[in-house]
Amino acid sequence: MRRWGPTRLPCRAMARVFSGIQPSGDLHLGNLLGALVPWLDYLEEHDAVYCVVDLHALTLPKDPAELQARTLELAQLLIAIGIDPERCTLFVQSHVPQHSQLAWLMECTVSFGELSRMTAFKDKSDRSEFISGGLFTYPALQAADILLYNTAMVPVGDDQRQHIEITRDIAERFNSRYGETFVVPEHVIGPVAARVMDLKRPERKMSKSEESAGTVLVLDDLAVTAKKFKRAVTDSDNEVRYDRENKPGVANLLDILGAATGEAPEALAAKYEQYGALKVDTADAVVALLEPIQARYNELAQDPGETTRLLRLGAQKAQEVAAATYERARKNVGLVAP
Ligand code: TYM
């Protein structure tokens, strides 16, 4: 019943799950609750493939030394959260060259119009001085990531919905032009904390690219984290009710508390009469979640050689599947065998 490892063959009975995260900016509570905690659910009964997408991080200008350090740091954080490389395939995107190779075939399958409609591109290009070609074709690389692994399910936060939809469109178009090549994946967006909002500006999602006093970082000092919750924006009517539209600050706290404790936000709302107690309990739940992650991360950070070794093994496992899929795509599209 275990996933494929160096001594096991791929277990075809288990559905393949793929997801990725960029090593850009600091890991925050939105990433943790919206994506990474849900990733843990797939370690036992699915064939989970998780990737640190360093090539995607290059779409906005990056300091090379910082990118290198953040890639390793993120891999260590993933392991600290419980993404155990013995129970899944964990690797760095640029270590498996088929991602870049297939991305070109994806770029030639997606249209300029489709790429122009991506809201992530519009948001990011509005905020950057230098708009790279890579930022525009980013969804083609993301489609390659997913399709290389015959992925059935892609667990992501709500902001990735459009990226998974375009991946499905690309896969279907490729299959109809060149014959069955790719599995068409489904996205899985968790009901709880799929969109964690900034504590100070609850109408905006918590984001790596726009850190504010309302962004809670996974590696923040825990006293600072508790303070951020105390200062979270709520509203003036002082009624605890789960209403995302009219009470976004309160609903965000309930979502966070719900995701950290496994309880439904609506049920939690009924337990509180005042904002103060809700803020304290949410802060305590988040601190209790982060404390062991930070301790484990600090241990792993002492031994970067071990993380590098685990990532190398992960890339070898990933490449076995990626090479076979790329080969099928190469052949079907009519590129001559090397
Ligand atoms: P990235 O690195 O921005 O975010 C990683 C994951 O965190 C989720 N997330 C959130 N969830 C809830 N609330 C928030 N405030 C919040 N902010 C981020 C994201 O939805 C994501 O699941 N394009 C992707 C990376 C990627 C990828 C892939 C994902 C590249 N290839 C293939 C899945 C499959 C991205 O930039 O995620």
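Quantities reported herein were computed from a predicted structural model and do not represent experimental measurements. (Residues numbered from 1 in each chain as written. Predicted model: local features only at pLDDT ≥ 70, side-chain atom pairs only at ≥ 80, totals over all residues. Heavy atoms only, no water.)

Digging into the nonpolar core
Then step 1. The biggest cluster of nonpolar side chains holds 57 residues, and the ones touching the most others in it are L29, L36, Y50, L78 and F229.
Then step 2. Ranked by size, the runner-up nonpolar core spans 38 residues in total, among them F121, V154, I164 and I166. (Core = buried A, V, L, I, M, F, W, Y, C linked by side-chain atoms within 4.5 Å. Buried < 20%, exposed > 50% of the residue type's maximum accessible area, 1.4 Å probe, protein only.)

Section: the site of the ligand
Then step 1. Contacts to the ligand come from 28 residues, most closely from Y138, Q142, D145, D159 and V196.
Then step 2. G30 is positioned such that a nitrogen or oxygen atom in its backbone is 3.2 Å from a nitrogen atom of the ligand.
Then step 3. Q142 is positioned with one of its side-chain polar atoms (N or O) 2.8 Å from a nitrogen atom of the ligand.
Then step 4. Those elements that place two or more of their residues in the shell around the ligand are β1 (16-21), α1 (29-40) and α7 (133-147).
Then step 5. Here the residues of the shell around the ligand are counted per class, giving 12 nonpolar, 11 polar and five charged. (Near = heavy atom within 4 Å. Polar contact = N/O pair within 3.5 Å; in protein donor to acceptor, adjacent residues only side chain to side chain. Helix = DSSP H or I, 4+ residues; strand = E, 2+ residues; numbered from the N terminus. Nonpolar A, V, L, I, M, F, W, Y, C, P; charged D, E, K, R; others polar.)

Comments concerning the environment of Q76
Then step 1. Looking at the element boundaries, Q76 is found in helix α3 (residues 64-81).
Then step 2. For the pair Q76 and T307, spaced 231 residues apart in sequence, the C-alpha to C-alpha distance is 6.8 Å.
Then step 3. Each residue touching Q76, except ones within four places of it in the same chain, is listed here: Y297, L300, A301, P304 and T307.
Then step 4. Engagement of the side chain of Q76 in a polar contact is seen with the backbone oxygen of L300, the distance being 3.3 Å. (Contact = heavy atoms within 4.5 Å.)

Regarding the packing of α7 against helix α8 (residues 161-178)
Then step 1. At a closest axis distance of 9 Å, the pairing of α7 and α8 adopts a crossing angle of 70 degrees. The pairing of α7 with α8 is recorded here as roughly perpendicular in orientation. Residue-level inspection shows Y138, P139, Q142, A143, I146 and L147 of α7 in contact with α8, the latter providing H163, I164, I166, T167, I170 and A171.
Then step 2. Grouping the amino acids of the contact of α7 with α8 by side-chain chemistry returns nine nonpolar, three polar and no charged. (Axes fitted to C-alpha atoms, helices over the stretch in contact; angles between N-to-C directions. Parallel < 35°, antiparallel > 145°, perpendicular 65-115°, else oblique.)

Here's the deal with the side chain of Q142
Then step 1. Residue position: Q142 is located in helix α7.
Then step 2. Dropping the residues within four chain positions of it, Q142 is found in contact with H56, Q160, H163, I164 and T167.

Section: the pairing of β1
Then step 1. Across the six residues that make up β1, a large majority, five, are buried.
Then step 2. The sheet contact formed by β1 and strand β2 (residues 47-52) spans six bridges and is parallel. Directly across from F18, in β2, lies its bridge partner V49.
Then step 3. As for the winding sense of the linkage, the β-α-β connection from β1 through α1 to β2 is right-handed. (Pairing = 2+ DSSP bridges. Right-handed = clockwise from strand over helix to strand, strands pointing away.)

Considerations on the packing of aromatic side chains
Then step 1. One pass over the full model with this rule turns up seven aromatic pairs.
Then step 2. Between F174 and Y178, the aromatic rings sit 4.7 Å apart at their centres with planes inclined by 55 degrees, giving tilted as the arrangement. Taken together, the residues F174 and Y178, both in helix α8 and four residues apart, mark about one turn of the helix. (Phe/Tyr/Trp six-rings, centres within 6.5 Å; stacked < 30°, edge-to-face > 60°.)

Concerning the environment of K124
Then step 1. You can see K124 is positioned in helix α6 (residues 119-127).
Then step 2. Separated by 85 residues in sequence, K124 and S209 have C-alpha atoms that sit 8.9 Å apart.
Then step 3. Residues within four places of K124 in sequence aside, it is in contact with Q22, L60, L135 and Y138.

Brief notes about the environment of N252
Then step 1. If you trace the backbone, N252 turns up in helix α10 (residues 248-261).
Then step 2. Relative accessible area serves as the criterion here: at 4%, N252 is assigned to the buried category.
Then step 3. Taking the C-alpha atoms as reference points, N252 and A193, separated by 59 residues in sequence, lie 8.1 Å from one another.
Then step 4. Each residue touching N252, except ones within four places of it in the same chain, is listed here: R195, V196, M197, D198 and L199.
Then step 5. A polar side-chain atom of N252 sits 2.8 Å from the main-chain carbonyl oxygen of M197.

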